[in-house]
Amino acid sequence: MRIGNVGTRVALLVAVLMTLLQLASALQQARPATEILLWPNGAAGALGDRPEDKPSLTPFLTVSGNRTGSAVIVCPGGGYAHLADHEGRPVAQWLNTLGIKAFVLKYRLGPSGYHHPAMLEDAQRAVQHVRSRAKQWGIDPAKIGIMGFSAGGHVASSAGTHFVAGDPNAADPIARMSSRPDFMILIYPVITMGEFAHAGSRQNLLGPNPSPELVELMSNEKQVTRDTPPAFLVATANDATVPVENSMAFAEALRRAGAGFELHVFQTGPKHGYGLAQGDPVVGIWPKLCEQWLRAHGF
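Quick notes on the rules
Residues numbered from 1 in each chain as written. Predicted model: local features only at pLDDT ≥ 70, side-chain atom pairs only at ≥ 80, totals over all residues. Heavy atoms only, no water. Core = buried A, V, L, I, M, F, W, Y, C linked by side-chain atoms within 4.5 Å. Buried < 20%, exposed > 50% of the residue type's maximum accessible area, 1.4 Å probe, protein only. Helix = DSSP H or I, 4+ residues; strand = E, 2+ residues; numbered from the N terminus. Contact = heavy atoms within 4.5 Å. Pairing = 2+ DSSP bridges. Axes fitted to C-alpha atoms, helices over the stretch in contact; angles between N-to-C directions. Parallel < 35°, antiparallel > 145°, perpendicular 65-115°, else oblique. Left-handed = near helix turned anticlockwise from the far one by under 90°. Nonpolar A, V, L, I, M, F, W, Y, C, P; charged D, E, K, R; others polar. Salt bridge = Lys/Arg side-chain N within 4 Å of Asp/Glu carboxyl O.

### A closer look at the nonpolar core
Nonpolar side chains in soluble globular proteins generally cluster together in the buried interior. The biggest cluster of nonpolar side chains holds 46 residues, and the ones touching the most others in it are Ile 73, Leu 105, Val 130, Ile 146 and Phe 250. If one sorts the elements of this core by residue count, helix 3 (residues 118-132) sits on top with six residues. Look past the residues within four positions of Ile 73 in its chain and what remains in contact with it is Leu 57, Phe 103, Leu 105, Ala 126, Val 127, Val 130, Ile 144, Gly 145, Ile 146 and Met 147. Judged by nonpolar contacts, the second largest core, of 30 residues, contains Val 91, Leu 98, Tyr 188 and Trp 286.

Okay, structure coming up:
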């Protein structure tokens with residue numbers, strides 16, 4: 001076919017270029033991200049050299065739209081027994097569409113022989129790691145949040161209530177960083193280890209016979225202070241797996257402490273484990289509400 005004018009040639013060239021760019025973007029999204037070990041020489045308290053002994057971050061750094069400088073560490077749920085896939089990678093990719101860089105945390109689990117404090121140490125180290133490389137990744141070190149679903153919400157709320165300042169004299173530069181997240185996103189989270197605890201999460205985290213002191217320590221609604229970072233929370237009132245009282249107690253603790261929060265409780269909806277709730281006519285609005293909250297707070 002003969003192309004009769006320059007305008008047509010330019011249009012075709014632009015169309016081909018756009019197709020190539022879209023293909024490159026699709027390939028980038030499909031390519032498995034490189035896993036970053038939190039402790040390359042072995043995690044604190046590691047029980048062996050198995051994959052499950054090696055907590056890690058999987059980065060999702062390709063963002064679209066306006067670059068916010070923010071980053072979020074995503075903690076999938078699974079009752080401290082496994083990690084739910086639909087609460088990891090798809091969530092990170094959604095955050096990327098908001099201009100937020102994301103990291104999916106692989107933390108240690110009960111069936112692999114781990115209990116507290118291994119999971120908390122993994123979350124603390126994850127925040128410290130991202131903060132230590134913030135300049136390299138184009139991240140604002142004051143805009144690093146943590147997000148969790150179900151038991152992952154307990155990991156995230158633990159990071160927000162049990163943080164360390166960092167040791168400026170540490171030989172390890174990562175350990176010099178603060179582990180305090182700047183905000184929390186908690187979706188149908190496990191919060192308490194007390195009356196309304198999710199039994200499986202409690203056993204996998206604390207073991208079969210935890211002391212009252214340990215139960216108190218890891219009931220995060222009892223560990224909130226005015227230094228606790230602000231939180232966005234989502235729950236359904238009909239959740240039969242993790243009672244809504246978990247979210248409500250944490251929100252009340254944040255209110256009493258003067259820490260910021262936004263709580264959305266849907267009267268009915270998917271009972272648990274709905275992730276981004278795509279396609280749900282009611283609960284499916286939560287990602288948009290979360291986006292609005294993030295923008296309002298400059299994250």
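### Let's talk about the pairing of strand 4 (residues 101-106)
Among the six residues in strand 4, five count as buried, and that is most of the element. In this sheet, strand 4 lies alongside strand 2 (residues 56-60) in antiparallel orientation, the contact comprising five bridges. Considered in strand 4, the bridge of Pro 59 is made with Phe 103.

### Quick look at the side chain of Asp 122
Mapped onto the elements, Asp 122 comes out in helix 3. Of the residues examined, Asp 122 reaches a relative accessible area of 0% and is grouped as buried. When residues no more than four places from it in sequence are discounted, the contact partners of Asp 122 are Leu 38, Trp 39, Pro 55, Leu 105, Tyr 107 and Arg 108.

### A short note on the packing of helix 3 against helix 5 (residues 151-161)
Packing of helix 3 against helix 5 brings their axes to within 9 Å, and their N-to-C directions diverge by 65°. Of the possible angle classes, the one that applies to helix 3 and helix 5 is roughly perpendicular. Regarding helix 3 and helix 5, the two cross each other, and that crossing is right-handed. For the pair formed by helix 3 and helix 5, the contact residues are Met 119, Leu 120 and Ala 123 on the first element and Val 155, Ser 158 and Ala 159 on the second. In the contact of helix 3 with helix 5, the residues fall into five nonpolar, one polar and no charged.

### A short note on the pattern of salt bridges
Taken as a whole and assessed by the stated rule, the structure comprises 14 salt bridges. Between Asp 172 and Arg 125 there is a salt bridge; the shortest N-O distance is 2.7 Å. Taken as a pair, Asp 172 in the loop between helix 5 and strand 6 (183-187) and Arg 125 in helix 3 lie far apart in primary sequence, 47 residues in all. Since its relative accessible area comes to 8%, Arg 125 is described here as buried. When salt bridges with common partners are traced through the structure, they connect Arg 50, Glu 52 and Asp 53 into a single cluster.

### Topic: helix 6 (residues 199-206)
Within the span of helix 6, buried status applies to Ser 201, Asn 204, Leu 205 and Leu 206. Elements that come into contact with the buried residues of helix 6 comprise helix 3, helix 5 and helix 7 (212-217). Two residues or fewer past helix 6, Gly 207 is found with a positive phi of approximately 90°.

### Topic: the environment of Leu 61
Checked against the element boundaries, Leu 61 lands in the loop between strand 2 and strand 3 (71-75). The class for Leu 61 is partly exposed, based on a relative accessible area of 29%. Spatially, the C-alpha atoms of Leu 61 and Ala 71 are 9.0 Å apart, while their sequence positions differ by 10 residues. With residues near it in sequence (within four places) discarded, Leu 61 still touches Lys 101, Phe 103 and Trp 137.

Distances and angles like these do not, on their own, reveal function.
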